[in-house]
Amino acid sequence: MNVSSAYPVVPEDPPRPQPDAPLAPGEPRVRSVDSLWYRPSDTAAFTLATTGTDRIDVTGLAILDGTLTIALAEGFVPVAGDEITLLTYGSVRGHFAAGRGLYGQSGDLWFDVVQTGDETTAGSLKLVVSRFLPGLNAAISLADALGVDSAAGFFGKIGRAHV
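To start, this report covers the structure provided alongside it. (Residues numbered from 1 in each chain as written. Predicted model: local features only at pLDDT ≥ 70, side-chain atom pairs only at ≥ 80, totals over all residues. Heavy atoms only, no water.)

The next subject is the overall build of the chain. Along the chain, the regular secondary structure elements total two helices and eleven strands. Along the chain direction, N to C, the helices and strands of the chain fall in the order β-β-β-β-β-β-β-β-β-β-β-α-α. Residue burial in the chain is summarised as follows: out of 163 residues, 40% are buried. The long-range share in the chain, meaning contacts at least 24 apart out of those at least 6 apart in sequence, stands at 73%. (Helix = DSSP H or I, 4+ residues; strand = E, 2+ residues; numbered from the N terminus. Buried < 20%, exposed > 50% of the residue type's maximum accessible area, 1.4 Å probe, protein only. Contact = heavy atoms within 4.5 Å.)

See below:
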């Protein structure tokens, strides 16, 4: 799945160091930073586990681009309707341009990416667990394996703002 970013990412200030990458699957943690900048070539990896979920709390501006990657720790099974917060921020610019691990990891469940906030409003980036129609997961997995960009058409933009 590859979706181009609709937002230019032009920071006014030099970025601060990025938080460390999440620990190995099964060892989620929460990090707090002043600001955050994911460039187009960056991957933001988050692990979901029964013991908790990786999360980054940003007090200031979060600039989002690149790829959002979700991993499920062994034994973690999401439930349709669950909402999982990955990022909170004082303000946000952009959105993730692509996603990995948003479907096909847990039967007929998939993760809808819900982003709120803007450059003047605090918000968050959450995953909402949804259920495919019967058989749809297999069709999307097959299309993905064949290199068809069907997921982008089905999901729309990754991290689109929901009102």
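Once you've had a look at it, read on.
Our next topic: the sheet that holds strand β3 (residues 43–49). Where strands meet in a sheet, backbone hydrogen bonds hold them as pairs that are either parallel or antiparallel. The sheet built from four strands is open, its strands ordered β4-β3-β6-β8 with mixed pairing. Sheet topology places β4 (52–53) and β8 (98–100) at the edges, where each strand pairs with a single neighbour. (Pairing = 2+ DSSP bridges.)

Turning next to the packing of aromatic side chains. Where two aromatic rings form a pair, the distance of their centres and the angle of their planes describe that pair. In the structure shown here, the tally under the stated rule is one aromatic pair. Centroid distance Tyr38 to Phe96: 5.7 Å. Interplanar angle 50°. Geometry classified as tilted. Here Tyr38, found in the loop between β2 (36–37) and β3, pairs with Phe96, found in the loop between β7 (83–94) and β8; they are 58 residues apart in sequence, far enough to count as distant. Accessibility expressed as a relative area gives 9% for Tyr38, which makes it buried. (Phe/Tyr/Trp six-rings, centres within 6.5 Å; stacked < 30°, edge-to-face > 60°.)

Mapping Leu87 onto the fold places it in strand β7. With 57 residues separating them in the primary sequence, Leu87 and Val30 have C-alpha atoms 9.6 Å apart. Contact partners of Leu87, with chain neighbours within four places excluded, come to Leu36, Phe46, Arg55, Ile56, Leu64, Phe96, Gly123, Ser124 and Leu125.

Tallied over the entire structure, the rule returns four salt bridges. Between Asp108 and Arg131 there is a salt bridge, with its nearest N and O atoms 2.7 Å apart. Of the two residues, Asp108 sits in the loop between β9 (103–106) and β10 (109–115) while Arg131 sits in strand β11 (residues 123–131), which places them 23 residues apart along the sequence. (Salt bridge = Lys/Arg side-chain N within 4 Å of Asp/Glu carboxyl O.)

What follows concerns the pairing of β11. The side chains of a regular strand alternate between the sheet's two faces. The pairing of β7 with β11 spans six bridges and is antiparallel. Residue pairing for β11: Thr88 is matched across the bridge by Ser124. The sheet contact formed by β10 and β11 spans seven bridges and is antiparallel. In the strand pairing of β11, Leu109 is matched with Arg131.

What follows deals with the side chain of Ser124. On the secondary structure map, Ser124 appears in strand β11. Ser124 gets classed as buried once you look at its relative accessible area, which sits at 11%. For Ser124, the contacting residues outside a window of four places in its chain are Thr85, Leu87, Thr88, Tyr89, Val114, Gln115 and Thr116.

Okay, the nonpolar core next. Judged by nonpolar contacts, the single largest core of 30 residues is most densely connected at Leu48, Ile70, Leu86, Leu87, Phe111 and Leu127. Listed by contribution, the elements that provide at least two residues to this core are β3, β5 (55–64), β6 (67–72), β7, β10 and β11. The residues contacting Ile70, other than those within four sequence positions of it, are Phe46, Leu48, Leu86, Arg100, Gly101, Leu102, Gln105, Phe111 and Leu127. (Core = buried A, V, L, I, M, F, W, Y, C linked by side-chain atoms within 4.5 Å.)

Right, let's get into the pairing of β6. In terms of residue burial, β6 counts as a mostly covered element, since five of its six residues are buried. Looking at chain direction, β3 and β6 are connected through six bridges and run parallel. Its bridge partner being in β6, Ala45 is matched across the sheet by Thr69. Note: β6 against β8, three bridges, orientation parallel.

Treat this as a map of the structure, not an account of what it does.
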